[in-house]
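Listed here are the chains, written in short residue letters.
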Amino acid sequence: MARRTPALLALLLTGGLLAACSPAENEPQPGGSAAASGAYPVTLTHKLGTTTLEKAPERIVALSDADLDALLLLGVQPVGVYQTVSEGGINPWAKPKITGSPAQLAQGENGVDPEEIAKLNPDLVLAGGDYYIDNEYKALSPLVPTTAYETGPFEDSWQTTLRQVAKLLGKTEQGEQIIKDVQAKVDGVKTQYPAITGKTFTISQVYEAGTIGVLRSDQDVTVKAFNDLGMKLAPAVAALPGDDFAVTLSLEKIATIDADVVLVYSTEPRLQTALEGNTLFGNLPAVKAGKYVPLPADQFMALRNPSPLSIPYFIDNTVPAVAKAAGA
């Protein structure tokens, strides 16, 4: 089992763990789904059990980006959301679609406090993309219909989560159209940026001096998102031992992250400066050749939490730099 350090955990988890704010005190405004006639009752089967709704939900809490973004694209406002590290607690790709002031739920080491969720009186909790749902489900599911992953934490594709949400809202047709629209934008990347097709990549995070956390699993949602663009994880990283999606390496082993494109997010400017000033990092062939892409926080979180809203966001904001590096 790989050693779990803060860098590893930050790569493994969503942005909510890193937030240091209190939940919003604004009174949440109920959503409403305008569900298709005859859609209910509906039952969803997932890895942790089943979720059944007798009627269209009106007060919905979303505990992951994939769940929230699916909800918003399907035209429904949440009464509660998990709190991200982005300014205002809502990711920039979701913010334009939020019309109310949903309560923001802080995530601790074991996820969101079920009591805080219960205070919102929800009739549905969406947690298909929630890394912590294993910890939360036992407490939540007896109180309110709660979803969970179908494959494993951080393994379900954004399409899977979107289909879960659409089914429970009675909007499967609309959900399939959203998938087609987003997939068309993904497919367009290969035409617009042919230089990235077949190229290798690594994506890492610097959270503390002297180490670097690196994604290593082809089952990870971020790795899958890059695969969809026609890229593949660098073999040396894919071969790293461990059961987790990420491993932590000392900078003495940083040569492992070399690839056609090397993406790195540093949690603090001083850490980015230290990394870029490190001789071992500077001597990486990718760095020497201009194939290193430093990621700002919003772009890293868009990559780390693929959703039907964040995928277009990172295509617009990150892929041009990736393509430039791939063709360097």
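J.: In this structure, what is going on with the sheet that holds strand β4 (residues 80-82)? I would like to understand it.
T.: Sheet strands line up and pair through hydrogen bonds in the backbone, either parallel or antiparallel. Within the open sheet, the 4 strands sit side by side as β5-β4-β3-β8. Their pairing is parallel. Pairing within the sheet leaves two strands with one partner each, and these edge strands are β5 (103-105) and β8 (124-126). The mean angle between the axes of side-by-side strands here comes to 20 degrees, regardless of whether they run parallel or antiparallel. Bridge analysis of β4 against β5 gives 3 bridges, and the strand direction is parallel. Paired with G80 across the two strands is A103, which belongs to β5. Where helix α2 (residues 65-73) meets the sheet, its contacts fall on β3 (60-62), β4 and β8, and the angle it forms with β3 comes to roughly 135 degrees.

J.: Mind showing me how you'd approach the packing of aromatic side chains here?
T.: The geometry of an aromatic ring pair comes down to the distance between the two centres and the angle between the two planes. Scanning all chains against the criterion turns up 6 aromatic pairs. Ring centres of W93 and Y313 lie 5.3 Å apart, and the angle between their planes is 55 degrees; on these two criteria the pair is classed as tilted. Separated by 220 residues along the polypeptide, W93 in the loop between β4 and β5 and Y313 in helix α13 (residues 310-317) bring together distant segments of the chain. Their ring planes at 85 degrees and their centres at 5.0 Å tell us that F281 and Y292 sit as a pair that is edge-to-face. Of the two residues, F281 sits in helix α10 (residues 279-282) while Y292 sits in strand β14 (residues 292-295), which places them 11 residues apart along the sequence. Judged by relative accessible area, F281 falls into the buried class, the value being 1%. Exposure remark for Y292: the relative accessible area of 17% places this residue in the buried category. Taken together, the ring pairs in this structure connect F201, F226 and F314 into an aromatic cluster.

J.: Whenever I open this one, the nonpolar core confuses me. Can you help?
T.: Soluble globular proteins tend to pack their nonpolar side chains together in the buried interior. Membership of the largest hydrophobic core comes to 81 residues, with the highest contact counts inside it found for I196, I203, I212, I257, L263 and F314. The leading source of residues in this core is helix α5 (residues 158-169), at 6 residues. The contact partners of I203, leaving out residues within four places of it in the chain, are G213, V214, L215, T222, F226, L263, L295, F300 and L303. If you look at the next biggest cluster of nonpolar residues, it comprises 16 residues, including V61, L63, A127 and V144.

J.: What am I meant to see in the pattern of salt bridges here?
T.: Note that side chains of opposite charge can pair when their charged atoms are close. Using the criterion set out here, one finds 5 salt bridges in the structure. A salt bridge links E116 to K119; its shortest N-O distance comes to 3.1 Å. On the basis of relative accessible area, E116 is assigned to the partly exposed category, the value being 29%. The salt bridge partner of D220 is R304, with a shortest N-O separation of 2.9 Å. Residue D220 is found in the loop between β10 (211-215) and α7 (221-228), and its partner R304 is found in helix α12 (residues 297-304); the two are separated by 84 residues along the sequence. Overall, the relative accessible area of 0% leaves D220 in the buried class.

Each value, and the rule that gives it
Residues numbered from 1 in each chain as written. Predicted model: local features only at pLDDT ≥ 70, side-chain atom pairs only at ≥ 80, totals over all residues. Heavy atoms only, no water. Pairing = 2+ DSSP bridges. Helix = DSSP H or I, 4+ residues; strand = E, 2+ residues; numbered from the N terminus. Axes fitted to C-alpha atoms, helices over the stretch in contact; angles between N-to-C directions. Contact = heavy atoms within 4.5 Å. Phe/Tyr/Trp six-rings, centres within 6.5 Å; stacked < 30°, edge-to-face > 60°. Buried < 20%, exposed > 50% of the residue type's maximum accessible area, 1.4 Å probe, protein only. Core = buried A, V, L, I, M, F, W, Y, C linked by side-chain atoms within 4.5 Å. Salt bridge = Lys/Arg side-chain N within 4 Å of Asp/Glu carboxyl O.

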